[in-house]
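Listed here are the chains, written in short residue letters.
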2 protein chains.
Amino acid sequence: MIEMSDKENQLYIGIDGGGTKCRATVFSTKDGIVGTGLGGPANPLHGLERTLESIMVSTQFAMKDAGLGSNDVKQVVAGLGLAGVNLPGLYQKISQWHHPFKKMFLTTDLHTACIGAHKGEDGAVIITGTGSCGFSFINGKGTSLGGHGFSQGDKGSGSWMGLEAVKACLLDLDGLGPQTMMSDLMLKHFDATDAMSVAEKMAGKPSSAYAQLARMVFASAEQGDLIASVIVREGASYISDLARKLLEKNPPRLSMIGGLVEPLHKWLDQDISIIVKPPIQPPEIGAVYYAQQSLANN
Amino acid sequence: MIEMSDKENQLYIGIDGGGTKCRATVFSTKDGIVGTGLGGPANPLHGLERTLESIMVSTQFAMKDAGLGSNDVKQVVAGLGLAGVNLPGLYQKISQWHHPFKKMFLTTDLHTACIGAHKGEDGAVIITGTGSCGFSFINGKGTSLGGHGFSQGDKGSGSWMGLEAVKACLLDLDGLGPQTMMSDLMLKHFDATDAMSVAEKMAGKPSSAYAQLARMVFASAEQGDLIASVIVREGASYISDLARKLLEKNPPRLSMIGGLVEPLHKWLDQDISIIVKPPIQPPEIGAVYYAQQSLANN
């Protein structure tokens, strides 16, 4: 049981909002992590109401997990990392929220991911999952690179690889592009018989649906398929360039985070792959660090 | 005034449904074109109700323009060319419509465009506007190629060129890709100052918004910009390949239709550019031919 009356013991909650779920971690100065909770989607770019609801759901679960009452949330200092709050309009809207916390400190999900990865210290991160982007935080200044969204940006990400694979297969199946083993894999995957039926299955689908095809691209590249290898190499080359650009600012550490880190690693340029360090803490702990740092500077 | 009682004189209406408007033309066996009308969007893939409404609006305007009463529509044989009716489900739904015509014959917009372009005869067409695709109609058999939609297909189209241009500019503005004069043009066009603000302006935009940028790509290529030239050449090369694939079926004639025909022509491979013939009639007249042919075979 946590003593809420203990003046030496400040409670924090770190919240990492994402497109599919929201993670909350309650942290006590005295005892470290005391509870965690999970909520639904919390990407304010896809809906503000839903985001705030998911934040509250994950908070309530985390408080309960920590053996705290829902009223105790008034004594907790919150750190929030959310996508899209680099946009001034969205930052303002969420800042104006009548939140239940003692104090709330808001920043981007990139920032909390970066602080977490480097245990509160300066550094740089590359996110490669459904999307891709780079971020560095050095001497109080955050800089982001890439992350321009599907389908115009996020090169080297899962959705980018999936889209490039679909494009290549449609050309191949029409007899208007080089052959690739991915075409047969894709026909099987979609239970389809021709290019048009593959196209229909993917029409209007979100980036996450394309990202699910990335595994097929890596598997085909591993088996020596030329077209799949070209896609993976081009994606990996962009991620290596992104890393080099981030390293120009001399971050003390560089980490990669996301579902594509493992399959992509061997395809990166060697000067980059040997430099990349594993993230020390997850983004929700980064959000706790952010709350602590912000409170200290407050 | 058209004599509705004249048994020798059959009236037809040709209807070409498109994503932004619907064109209808009333045609009399004796007098040729006697009236035209315009309606709203008529792409059943974007809404069936709206499509049927636009068909009726354009029909009513065309009937009025021909000096006919709205009741006379019962004596008119209709030919309809609509996107998406290559899908059996959509074909069936529109076929089951309680239409007001004497008879209604339904086919794809590609088919009516092709029949129109070749004045009712066999041939092949390439459509290059917002999207791109190929179609041939030979000995009673229609075959389509490409046209898999934004952003996974429709290579060489306006939306494809616009998307490739945005991708190149975002890389350039991030310092992660070669320089292109399109970056400055795009910053000006969007009244933006950096990559992220260009990305935001285009986020979630439909293919038509990307197609509006195609002019910028052609203009930059004309001025010798390397990146713009690579995009235009790659697009033109695909369209040339598409033409060659269509020519394998020995169509008597090949036409190109759409907003990109003129700017793209000089970039096509020479063996293709010298073969392409102008379309003889527009798609709505193609729809009249289709109605006449279908009635004769009925």
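Computed from a prediction, not measured in an experiment: that's the story for all the values here. (Residues numbered from 1 in each chain as written. Chains lettered and ligands numbered in written order. Predicted model: local features only at pLDDT ≥ 70, side-chain atom pairs only at ≥ 80, totals over all residues. Heavy atoms only, no water.)

**Remarks on the relation of the copies chain B and chain A**
Line of reasoning, step 1. Turning chain B through 180° and shifting it by 0.0 Å along the axis lays it on chain A, with an RMSD of 0.1 Å. What the rotation and shift describe, once combined, is the action of a two-fold rotation axis. Distance from the rotation axis, computed per C-alpha, reaches its smallest value in chain B at Ser151 of chain B: 3.6 Å.
Line of reasoning, step 2. Interface overlap between copies is the fraction of interface residues in one copy that are interface residues in the other; for chain B against chain A it reaches 100%, indicating a shared surface. (Least-squares fit on C-alpha atoms with pLDDT ≥ 70 in both. Contact = heavy atoms within 4.5 Å.)

**Remarks on the pairing of strand E2 (residues 22–28) of chain B**
All names here are of chain B.
Line of reasoning, step 1. In terms of residue burial, E2 counts as a mostly covered element, since six of its seven residues are buried.
Line of reasoning, step 2. As paired strands, strand E1 (residues 11–17) and E2 are joined by seven bridges and run antiparallel to one another. Looking at the pairing, Ile15 lines up with Ala24 of E2.
Line of reasoning, step 3. As consecutive antiparallel partners, E1 and E2 are separated by four residues.
Line of reasoning, step 4. Bridge count for E2 against strand E3 (residues 32–39) is seven bridges, and the pairing is antiparallel. Looking at the pairing, Phe27 lines up with Ile33 of E3.
Line of reasoning, step 5. Remark: three residues form the turn of the hairpin made by E2 and E3, two consecutive strands paired antiparallel. (Buried < 20%, exposed > 50% of the residue type's maximum accessible area, 1.4 Å probe, protein only. Helix = DSSP H or I, 4+ residues; strand = E, 2+ residues; numbered from the N terminus. Pairing = 2+ DSSP bridges.)

**A few points about the sheet that holds strand E6 (residues 123–128) of chain A**
All names here are of chain A.
Line of reasoning, step 1. One open sheet holds the four strands; their spatial order is E8-E7-E6-E9, and the pairing between them is mixed. Only two strands of the sheet have a single partner each, and these edge strands are strand E8 (141–146) and strand E9 (254–257). The mean angle between the axes of side-by-side strands here comes to 15°, regardless of whether they run parallel or antiparallel.
Line of reasoning, step 2. In the sheet, E6 pairs with E9 via four bridges, with the strands oriented parallel. When the sheet's bridge partners are listed, Ile126 is paired in E9 with Met256. (Axes fitted to C-alpha atoms, helices over the stretch in contact; angles between N-to-C directions.)

**What to know about the interface of chain B and chain A**
Line of reasoning, step 1. Between chain B and chain A, the residue contacts involve 29 residues of the former and 29 residues of the latter.
Line of reasoning, step 2. Between chain B and chain A, roughly 2400 Å² of surface is buried when both sides are summed, and carbon and sulfur atoms account for 56% of that area.
Line of reasoning, step 3. Together, His148, Gln152 and Leu176 of chain B form the three largest contributors to the area buried by chain B at its contact with chain A, with a combined 30%.
Line of reasoning, step 4. Summed over the shared surface of chain B and chain A, the result is two salt bridges.
Line of reasoning, step 5. Ionic pairing is found between Glu164 of chain B and Lys167 of chain A, a salt bridge with its closest N-O pair at 3.9 Å.
Line of reasoning, step 6. For the side of chain B that touches chain A, the elements supplying multiple residues, two or more each, are strand E8 (141–146), helix H4 (158–173), helix H6 (195–202) and helix H9 (226–247) of chain B.
Line of reasoning, step 7. Per element, the largest residue contribution to the side of chain B that touches chain A is six residues, and it comes from H4 of chain B.
Line of reasoning, step 8. When its residues are assigned to classes, the side of chain B that touches chain A shows 15 nonpolar, seven polar and seven charged. (Buried area = accessible area lost by both parts, 1.4 Å probe. Salt bridge = Lys/Arg side-chain N within 4 Å of Asp/Glu carboxyl O. Nonpolar A, V, L, I, M, F, W, Y, C, P; charged D, E, K, R; others polar.)

**Concerning the pattern of salt bridges**
Line of reasoning, step 1. This model, assessed by the stated rule, comprises 16 salt bridges over all chains.
Line of reasoning, step 2. A salt bridge links Asp271 of chain A to Arg244 of chain A; the shortest N-O distance between them is 3.2 Å. Here Asp271 of chain A, found in helix H11 (residues 270–273), pairs with Arg244 of chain A, found in helix H9 (residues 226–247); they are 27 residues apart in sequence, far enough to count as distant.
Line of reasoning, step 3. Among the charged side chains, a salt-bridge network with shared partners connects Glu164 and Lys167 of chain A together with Glu164 and Lys167 of chain B.

**With respect to the domain arrangement of chain A**
Residues and elements named next belong to chain A.
Line of reasoning, step 1. Here chain A is partitioned into domain 1 (11–119 + 280–297) and domain 2 (158–273).
Line of reasoning, step 2. For domain 1 versus domain 2, the distance between C-alpha centres works out to 32 Å.
Line of reasoning, step 3. Contacts between domain 1 and domain 2 engage four residues on the former and four residues on the latter.
Line of reasoning, step 4. With both chains or domains summed, domain 1 and domain 2 bury close to 320 Å², and 65% of this area falls on carbon and sulfur atoms.
Line of reasoning, step 5. Among the residues of domain 1 in contact with domain 2, Ala117, His118 and Ile280 are the three that bury the most area, contributing 80% of the side total.
Line of reasoning, step 6. On inspection of domain 1 and its partner domain 2, the count reaches zero salt bridges.
Line of reasoning, step 7. Where domain 1 touches domain 2, the interface holds two residue pairs in polar contact (both at pLDDT 80 or more).
Line of reasoning, step 8. Considering only residue class, the side of domain 1 that touches domain 2 consists of three nonpolar, one polar and no charged. (Domains from an automatic or database assignment. Polar contact = N/O pair within 3.5 Å; in protein donor to acceptor, adjacent residues only side chain to side chain.)

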